[in-house]
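Here are the chains, one letter per residue:
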Amino acid sequence: MRKGLLISLLAVSVFFSFGCSKGQIVNISGSTSVEPLSQELAAAFMAKHPKITVNVAAGGSSAGIKAAREGASDIGASSRDLKPTETGLNKFVIAYDGIAVIINKDNPVANLSVDQVKAIYEGTITNWSELGGHNAQIVVVDRDAASGTRGAFVEMVMDNNDTIIKTAIVQDGGGGVRNTVAGNPAAIGYISIASVDNTIRALKINGIEATIANVANKTYPIFRPFIYVTKNAPVGAVKQFIDFVLSAEGQKIVEASGLVPVK
Amino acid sequence: MKGAKDWREMIGWSSLWLAAGLSVLSLGAILWYILSRGLSAVSLEFLTQAPRRLGSEGGIFPTIVSTLYVTAVAMAMAVPVSLGTAIYLREYMRPSPAERLIRFSLQVLAGIPSIVFGLFGFTFFVIKLRMGFSVVAGGLTLAIMVLPTLIRAFEEAIATVPREYREASLALGADRWQTVRRIVLPTANPGLLTGIVLAIGRAVGESAAVILTAGSAMRMPVFPTDQARTMTVHLYILATEGLSDVHAYGTAAVLIVMVLLLNQLTTVTRARRRGEPRTR
Amino acid sequence: MKSRRSRKFIEWALLGSTWLALPALLLIIIFIFLGALPAFESVGLGALLTGEEWRPTKELYGLLPSVLGTLMVTGIALVIVFPVGLGLALFLTEAAPAWGARLIRRALELLAGIPSVVYGFFGIIVLVPVLRQLFGGSGFSAVTGGVVLAIMVLPTMVTLSEDALRAVPSEYRAGSLALGATHWQTVTRVVLPSAIPGISAGLVLAMGRAIGETMAMIMVVGNITGMPTSLFGPVRTLTGNIAIEMKYATGIHQSTLYAAGVFLLVTIIILNLILNSLFRRREARQ
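Here the residue numbers are simple positions, counted from 1 along each chain's written sequence. Chain A is the first chain written and ligand 1 is the first ligand written, with later ones labelled in order. pLDDT decides what is reported in this predicted model: residues at 70 or higher carry local features, side-chain atom pairs at 80 or more are listed and counted, and totals for whole chains, interfaces and linings draw on all residues regardless. Excluding hydrogens and water, the side-chain values take into account all heavy atoms of the structure.

Is there a simple way to think about the overall build of chain B in this case?
Helix numbering and strand numbering both begin at the N terminus, where a helix is a DSSP run of H or I of at least 4 residues and a strand a DSSP run of E of at least 2. Within chain B, the regular secondary structure consists of 11 helices and two strands. Along the chain direction, N to C, the helices and strands of chain B fall in the order α-α-β-β-α-α-α-α-α-α-α-α-α. Its C-alpha atoms give chain B principal-axis dimensions of about 75 × 70 × 40 Å. In chain B, the proportion of contacts linking residues at least 24 apart, taken out of those at least 6 apart, comes to 74%. Counting every atom, chain B has about 11700 Å² of accessible surface; 64% of that belongs to carbon and sulfur. Contacts are assigned to residue pairs with any non-hydrogen atoms lying within 4.5 Å of each other. Computed with the Shrake-Rupley method and a 1.4 Å probe, the accessible areas treat only the protein chains shown as cover for residues.

I would appreciate a short explanation of the pattern of salt bridges in the present structure.
Should a side-chain nitrogen of Lys or Arg be within 4 Å of a carboxyl oxygen of Asp or Glu, the pair is scored as a salt bridge. Under the definition given, this model contains 22 salt bridges over all chains. For Lys118 of chain A, the salt bridge identified is with Asp159 of chain A, shortest N-O distance 3.6 Å. Here Lys118 of chain A, found in helix H4 (residues 114-122), pairs with Asp159 of chain A, found in the loop between helix H5 (148-156) and strand E7 (169-171); they are 41 residues apart in sequence, far enough to count as distant. Type-normalised accessible area, obtained with a 1.4 Å probe on protein chains alone, sets the label of each residue: buried when under 20%, exposed when over 50%, and partly exposed for intermediate values. Since its relative accessible area comes to 54%, Asp159 of chain A is described here as exposed. Its salt-bridge partner being Asp197 of chain A, residue Arg178 of chain A comes within 3.5 Å of it at the nearest N-O pair. Separated by 19 residues along the polypeptide, Arg178 of chain A in helix H6 (residues 174-183) and Asp197 of chain A in the loop between strand E8 (187-192) and strand E9 (201-202) bring together distant segments of the chain. Given a relative accessible area of 13%, Arg178 of chain A falls into the buried group. With relative accessibility at 29%, the residue Asp197 of chain A sits in the partly exposed group. Taken together, the shared-partner salt bridges connect Asp142, Arg150 and Asp162 of chain A together with Glu53 and Arg55 of chain C into one network.

It is not clear to me how the nonpolar core should be interpreted in this structure. Could you clarify?
If you look at soluble globular proteins, the nonpolar side chains tend to sit buried side by side. The criterion is simple. A nonpolar core is a set of buried Ala, Val, Leu, Ile, Met, Phe, Trp, Tyr and Cys residues joined through side-chain atoms within 4.5 Å. By size, the foremost hydrophobic cluster in this structure holds 232 residues, and its most contacted members are Ile120, Tyr121 and Phe153 of chain A together with Ile32 and Phe121 of chain C. Those residues within four positions of Phe121 of chain C in sequence are excluded, and the remaining contacts are Ile34, Leu235, Ala239, Asp245, Ala248, Tyr249 and Ala252 of chain B together with Met219 of chain C. Within the second largest apolar cluster, 27 residues are counted, among which are Val26, Val34, Val54 and Phe92 of chain A.

Looking at this structure, how should I read the packing of helix H10 (residues 231-241) of chain B against helix H6 (residues 116-135) of chain C?
Put simply, H10 of chain B and H6 of chain C touch, their axes get as near as 9 Å, and they point 15° apart. In terms of axis orientation, H10 of chain B runs roughly parallel to H6 of chain C. Helix-helix and strand crossings are classified by hand; for H10 of chain B and H6 of chain C the assignment is left-handed. In this structure, H10 of chain B uses Thr232, Leu235, Tyr236 and Ala239 of chain B to contact H6 of chain C, whose residues at the interface are Val117, Val118, Phe121 and Ile124 of chain C. In the contact of H10 of chain B with H6 of chain C, the residues fall into seven nonpolar, one polar and no charged. An axis is simply a line fitted to the C-alpha atoms; with a helix, the fit covers only the stretch in contact. Between two such axes, the angle follows the N-to-C directions and lies from 0 to 180 degrees. Oblique is the label for any angle not covered by the other classes, which are roughly parallel (under 35 degrees), roughly antiparallel (over 145) and roughly perpendicular (65 to 115). Whether a crossing is left-handed or right-handed is set by the direction in which the near helix is turned from the far one by less than a right angle, anticlockwise for left-handed and clockwise for right-handed. Polarity classes work like this: nonpolar for Ala, Val, Leu, Ile, Met, Phe, Trp, Tyr, Cys and Pro, charged for Asp, Glu, Lys and Arg, and polar for all others, with Gly in that last group.

I would appreciate a short explanation of the interface of chain B and chain C in the present structure.
Interfaces are often sized by the amount of accessible area the parts lose when they come together. Counting from both sides, the interface comprises 73 residues of chain B and, opposite them, 72 residues of chain C. When the two sides are added together, the surface that chain B and chain C hide from each other amounts to roughly 6800 Å², 80% of it contributed by carbon and sulfur. Simply put, the buried area is the total loss of 1.4 Å probe accessible area from both parts when two parts are fitted together. Of all residues in chain B, the largest losses of buried area upon contact with chain C belong to Trp13, Leu119 and Tyr236 of chain B, amounting jointly to 9% of the total for that side. Seen at the junction of chain B and chain C, the total is zero salt bridges. Contacts described as polar in this section are N or O atom pairs within 3.5 Å, which, within protein, must combine one atom able to donate a hydrogen with one able to accept it, while residues neighboring in sequence count only if both atoms come from side chains. Joining chain B to chain C, the criterion identifies six residue pairs in polar contact (both at pLDDT 80 or more). Those elements that provide at least two residues to the side of chain B that touches chain C are helix H1 (2-38), helix H3 (61-92), helix H4 (97-111), helix H5 (114-128), helix H8 (176-205), helix H9 (208-211), H10 and helix H11 (245-271) of chain B. With 17 residues, the top contributor of residues to the side of chain B that touches chain C is H1 of chain B. Looking at side-chain class alone, the side of chain B that touches chain C contains 48 nonpolar, 17 polar and eight charged residues.

So what exactly am I meant to see when it comes to the packing of aromatic side chains here?
When we look at a pair of aromatic rings, we describe it by the centre distance and by the angle of the planes. All names here are of chain A. Pairing of aromatic side chains requires ring centres within 6.5 Å, counting the rings of Phe and Tyr and the six-membered ring of Trp. Pairs whose planes differ by under 30 degrees are stacked, by over 60 edge-to-face, and all others tilted. All chains considered together, the criterion is met by 19 aromatic pairs over all chains. Ring geometry for Tyr121 and Tyr190: centres 5.7 Å apart, planes at 55°, overall tilted. Of this pair, Tyr121 sits in helix H4 while Tyr190 sits in strand E8, and the two are 69 residues apart along the sequence. Its relative accessible area of 1% is what places Tyr190 among the buried residues. An aromatic cluster is present here, built from Phe45, Tyr228, Phe241 and Phe244 joined pairwise through their rings.

Is there a simple way to think about the packing of helix H8 (residues 170-178) of chain C against helix H9 (residues 183-212) of chain C in this case?
The geometry of a pair of packed helices is captured by two quantities: the angle between their axes and the separation between those axes. Residues and elements named next belong to chain C. Look at H8 against H9: their axes get within 10 Å of each other, and the N-to-C directions meet at 145°. In terms of crossing hand, the pair formed by H8 and H9 is right-handed. For the pair formed by H8 and H9, the contact residues are Tyr172, Arg173, Ser176 and Leu177 on the first element and His183, Thr186, Val190, Val191 and Ser194 on the second. Taken together, the residues that form the contact of H8 with H9 break down as four nonpolar, four polar and one charged.

This is how it looks when you write it as structure tokens:
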């Protein structure tokens, strides 16, 4: 008897909550590179709008785009531009970011050309000694295929041709790549410039330092847009949030996060 | 002849002691490694605050609530169904092809990998039934997952009730349901509780199924339709993103302590004196 | 006194909840199969099972690397868990002092309850660097995964083996000892052979658990997309493949993940059929 009461109570509350208005919710999911920025933007936005809840989840750029299209999320966050096949979506560029090629701090190599990075990821160069480093087999670290960072990397470094070697270690998220490279003197990986910290070192590419300033003045060769996509034209809380992100205040947060604001 | 066998048998017995020592040592090593680093991270703030900076700062309070919430929803749905099934299988049903089919289904369900449950839960609850990433979707998926465990535990508990109890009750004129309700269930109570605690343990430890159904947004879930990030999912994200080793250790430590507590609970429920039959 | 109708109603309610189990299973099987159908049609079962490269960006959906990866980590886990688990079970039934047995059983219960991500976490923090020091490479490997799995399925193996050993009738032991055999001889020549079906069941159950592990594997095996080359090199498991790609896969790509789910389901069903025949053999012996 008691159990029956419990179930009915639960069922009733479940049905109620489906209809109740509980304050508005904005669901964002997608790129792990954009996630820190989204969290900061969400926190600032929710401080100004206490009745709106902004949920930020990860999953990878392609996951975010898919979620937006299928309605599982209100906003899909991506760290790469949309592909020609990804039609029927509204796109909002919220920031620009560069991709840093990172190596372990014990690795003496300081500068590589884009072609050399491509060769490493294709498997043509296999030992650090070929590049002036120690005699060690290069451990190539890659992102999973949902990653926008990977998509942008393939587009800009691999000339839009996915020939990354099959023996690359695949990590689920930019932090995972950074972690792996930090722990392995022979590893090489790529992450958002905004995610670079002092556990690893970012290589100079074509002699240019991997800094956000160099992305802004377009001298650093590997960069990509951060975008928010929605299925329908944004209305209500979603529109309020995107307007906030693109406003001066939102863009200041973009800059504070180590990214290039949209002009 | 005995002498020739002696050294070989000694090796045999020693290898058994070796296996035992190895196992205890590895468990000890794991526990010590994580707890020693993790417990230092666990403070009142850690347990009661929300996380900041993607989890590298702050606490894990929302994840604790999420875990309890999703588990509670799962148990609320699984316990009645499992109890009903266990009672029917033990007290009402006779061996038949139908009964064997049901038992086989339960056996297979028990072995299905959690990721397949996650796949199913995502397709059916999140997308098809339009629940979105939510506590309900996660709870329903977990409910199906723990169903076999619960049914098996409940059945065992019911089976330990002596036949004489049932026969005496029926001889006194009670029908089957009255017997079940007033004699069998109260007597089986400790075993039933043990089963529930075991299932709770399984639900708390689940990650693959939950990440695909309850989501991973770091939020405090209030309504069953909210997204939730459980402690296990949080630990996975912390560990793979390498955001904060300290917080990862802390989360792992809290999980281990939870398991320890649940284990203690099963010892208590098992040792409880067998529930007295209600004879009003 | 309850009316006849309410008694019938209760019986129907109980029957109803019982018949939820079968439809739940069927629902899962149907949904996964339906999801996999497009992949079977356009990519083909053969290409899926024997294709050697997994590169969705180029529409290559070979699951063979993942299947091999799963077999490798499971195999390593079973190789470790069989002797250790059986040894531990024998220890508990034949050699352990009472306090030792209690300690070990508590330890195993604890081991069994720890969430898999905690083991994966331990794997990343401790095992991966250790294996990198010992064997070079990156530390992410099938061996790393196998060791983690072994720890995870140990309680299962020990519990079932212990049950099997205890189920051996005491007359067998008594008879053997009466004939002059030593304790060790009794154990190895009388008790063990009699317990083989139950022990095998333990192994099969452990195998099922190992095949199904997801998160811990993603954390320690490296998740490469190509064919595995060595036990000490990185691999990808079938379960890990599904979990990593599921969030973003669309169309045919998503369908291939359901196909991977189908492979897992079929494997589990087959393992269960084997398990059943083993249990029937054990009952026949007694």
